[in-house]
Amino acid sequence: MLCCPAFGGDPVPVEPRAARQTDQLRTRKRKIILHTQRSILAYLTSQFQAPNMAAAAPITPEEQEELREAFAKIDVDNNGFISKDELTALFRAANLPLPGYRVREIVQELTKTSDQLTLEEFTQIVHGLKSSEVAQTFRKAINKKEGIFHVAGTSEQSGTQHSYSEEEKVAFVNWINKALEKDADCKHVLPMDPNSDDLFTAMGDGIVFCKMINLSVPDTIDERTINKKKLTPFTVQENLNLALNSSSAIGCHVVNIGAEDIKEGRQHLVLGLLWQIIKIGLFADIELSKNEALVALLRDGESLEDLMKLSPEELLLRWANYHLEAAGGPKISNFSSDIKVSTHHHHYHNNNNNTFKGNERGEKSRPDVALQEKDDVKRAECMLDQADRLGARQFVMPTDVVRGNPKLNLAFVANLFNKYPALKKPENQDFDWSSIEGETREERTFRNWMNSLGVNPRVNHLYVDIDDALVIFQLYEKIKVRVDWDQVNKPPYPKLGSNMKKLENCNYAVKLGKDVAKFSLVGIAGQDLNAGNRTLTLALLWQLMRRYTLNILEDLGDGQKVTDDTIVSWVNDTLTHAGKPKISSFKDLSISSSMPVLDLIDSIQPGSIRYDLVKTEDLTEDEKLNNAKYAISMARKIGARVYALPEDLVEIKPKMVMTVFACLMARGMKIA
């Protein structure tokens, strides 16, 4: 302590010198990280151009020839036509900057006159969509030199030839190698050579797949259920069942992907599923309920609810622009294929002389070097060198940045955010945090179930993303309820009256539920879906999920009607035949221990349950949860697509318990 007697002062506490130096170092480190991070984002900004900057230019003879070549690649049967399904595949393969609804509109317009289109019609569509750069985009999609590899065989539905991206394969291999490098269970296949097909063979035994799922959503798979030693074709099949059903449970779209596809290393399917798993993990914490510092991204006039409505991609874009704006740089508009080598990076550099300065010796900083470098690949390497200093050089190589792969650039920025968000929650601002509620288990289960069925658009926020009922209509079709799409309003909605169009959809959705599906929707109106009434919306979603589950059983039972009593009777008959205790209902107290579920699994596949791994008497809450984790994973391992969570068994949630037994019944009926 020091005092100032000359001024009659009280003793003044003085921080030790070491403590002051430590704080100064921390502050300096934070500044360096923020500076480096902004320089990375600045470089990416210099790679962006808005898609509508230039009017569509006439297609030259050379470009016409390139489009003809692209058309021929898709027109595999050489009949001079492309079907609407092939058109959708072509847009996706070419990475055209079109939102999903725009592609659907084009397909719908095409369908009004014909299910096919000619090269001339295709060229007109291309001309209307983009300027002459589109020819280069299509050339990338068909040129192996640009990293697109075609896969043997074609789609049975459309005849479209499948392909996969070499750069994505390399990125995923490097990500997995780093993420699982210390996992002893993966040493038999890691590290993989990114320049070979190691990835497709390494995924074949299911172990790495299971590990990647747990990396993205921890505790999804109980490690005790993974077969790791002395693998046989049967135990490999079990691992793949476990991985696929667990992927579905976390919201991956795995319809029409089977264990054989993974075992045989079908490249486009393996990479597609891996991307879904990786993306779920990268986006896990990019939401306001998990990261309150995101409130710093609020704009004038916005509320917390407005920020809550943004998807992870939209939040990432806003986050990037937040830092770029702070650095005095231009904003970006998306993470899609608009990324291209820019000729305006010197303009950015000149506007930011004061942002990035040299060091004490007058040497130029790495960001300066990057922005002045004329060679595109070398500039990208400088930017990635900055990322490497933050430990965030993942997913992209210099050539990937130059080419502008939308998946990899999105993954790169998401990883950068997760490592160094560099956001500070504003002080002295009065926010109503009570309005920000985290997702409940029930809501997460419904959301993952919908996404696993491949609904479009993907549901990120349950109530926000179904407020126009488009997802509901897709679910109706999954349960065999016919939707008259001519009565459905589709995006883009008009600026004025957009909510009225959505409300009309919601009214139609409720009408279908009452009149056609025969759901119990007493007191539920379209306004409730549109406004996101939690209780009433969940009531409809539960009936949709229940009908979907029962339809599977009815299909297996040759159309015989299935009720809750039917399921309980089947469960008890199966348990009795195996000499195991029965249940009284889906509310039976014994379900809290998970023993009825484990016994049923063992009855369906005798010898599958290791009873030495579970506890049966005097269970604590932790022991009950431990049993439940094992039971849910084992159900998925024997082939049951279970969406319920372990906590649902421990707490005996009757609705979710019913789905567990129903899924096991479906599996048992298939085996029988």
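Residues numbered from 1 in each chain as written. Predicted model: local features only at pLDDT ≥ 70, side-chain atom pairs only at ≥ 80, totals over all residues. Heavy atoms only, no water.

### Overview of the overall build of the chain
Thought 1: Along the backbone of the chain there are 29 helices and four strands.
Thought 2: The proportion of buried residues among the 672 residues of the chain is 50%.
Thought 3: Sequence separation of 24 or more characterises 63% of the internal contacts of the chain that already satisfy a separation of 6 or more.
Thought 4: Total accessible area on the chain stands at roughly 32,900 Å², and carbon and sulfur atoms take up 50% of it. (Helix = DSSP H or I, 4+ residues; strand = E, 2+ residues; numbered from the N terminus. Buried < 20%, exposed > 50% of the residue type's maximum accessible area, 1.4 Å probe, protein only. Contact = heavy atoms within 4.5 Å. Areas by Shrake-Rupley, 256 points an atom, 1.4 Å probe, with all protein chains shown as cover.)

### As for the nonpolar core
Thought 1: Ranked by internal contacts, the top residues of the largest apolar core, which has 85 residues, are Ile 176, Leu 199, Met 212, Ile 262, Leu 274, Leu 316 and Trp 319.
Thought 2: No other element matches helix α12 (residues 267–283), which puts eleven residues into this core.
Thought 3: Setting aside residues up to four positions removed in sequence, Ile 176 forms contacts with Glu 181, Leu 190, Met 192, Leu 199, Val 208, Met 212 and Leu 274. (Core = buried A, V, L, I, M, F, W, Y, C linked by side-chain atoms within 4.5 Å.)

### Considering the packing of aromatic side chains
Thought 1: In the structure shown here, the tally under the stated rule is eight aromatic pairs.
Thought 2: With a centroid separation of 5.7 Å and 65° between ring planes, the pair formed by Trp 449 and Tyr 548 is classed as edge-to-face. Here Trp 449 is found in helix α20 (residues 441–452), whereas its partner Tyr 548 is found in helix α24 (residues 534–556), with 99 residues between them in sequence.
Thought 3: For Trp 449, a relative accessible area of 2% puts it in the buried group.
Thought 4: Centroid distance Tyr 476 to Phe 519: 6.5 Å. Interplanar angle 25°. Geometry classified as stacked. (Phe/Tyr/Trp six-rings, centres within 6.5 Å; stacked < 30°, edge-to-face > 60°.)

### Here's the deal with helix α26 (residues 595–604)
Thought 1: Across the ten residues that make up α26, a large majority, ten, are buried.
Thought 2: Among the residues making up α26, those that are buried are Met 595, Pro 596, Val 597, Leu 598, Asp 599, Leu 600, Ile 601, Asp 602, Ser 603 and Ile 604.
Thought 3: If you follow the buried residues of α26, they end up packed against α25 (564–577), α27 (621–637), α28 (646–650) and α29 (654–671).

### What about α29?
Thought 1: Taking 1.5 Å of rise per residue, 18 residues should cover 26 Å, and α29 covers 26 Å from first to last C-alpha, within 8% of that figure.
Thought 2: Turning to α29, its buried residues are Met 656, Val 657, Met 658, Thr 659, Val 660, Phe 661, Ala 662, Cys 663, Leu 664, Met 665, Ala 666 and Gly 668. (Expected span 1.5 Å × (residues − 1).)

### A few points about the side chain of Asp 222
Thought 1: Within the fold, Asp 222 resides in the loop between α9 (207–216) and α10 (233–249).
Thought 2: A polar side-chain atom of Asp 222 sits 2.6 Å from a polar atom in the side chain of Arg 224.
Thought 3: Those residues within four positions of Asp 222 in sequence are excluded, and the remaining contacts are Asn 626, Lys 629, Tyr 630 and Ser 633. (Polar contact = N/O pair within 3.5 Å; in protein donor to acceptor, adjacent residues only side chain to side chain.)

### Points about unusual backbone geometry
Thought 1: Here Asn 456 and Pro 457 are connected by a cis peptide whose omega angle stands at 10°.
Thought 2: Phi at Asn 256 takes a positive value of approximately 70°, unusual for a residue other than glycine.
Thought 3: Its relative accessible area of 70% is what places Asn 256 among the exposed residues.
Thought 4: Backbone geometry at Ser 594 places phi at a positive 70°, although glycine is not the residue there.
Thought 5: Mapped onto the elements of the fold, Ser 594 is located in the loop between α25 and α26.
Thought 6: Its relative accessible area of 0% is what places Ser 594 among the buried residues.

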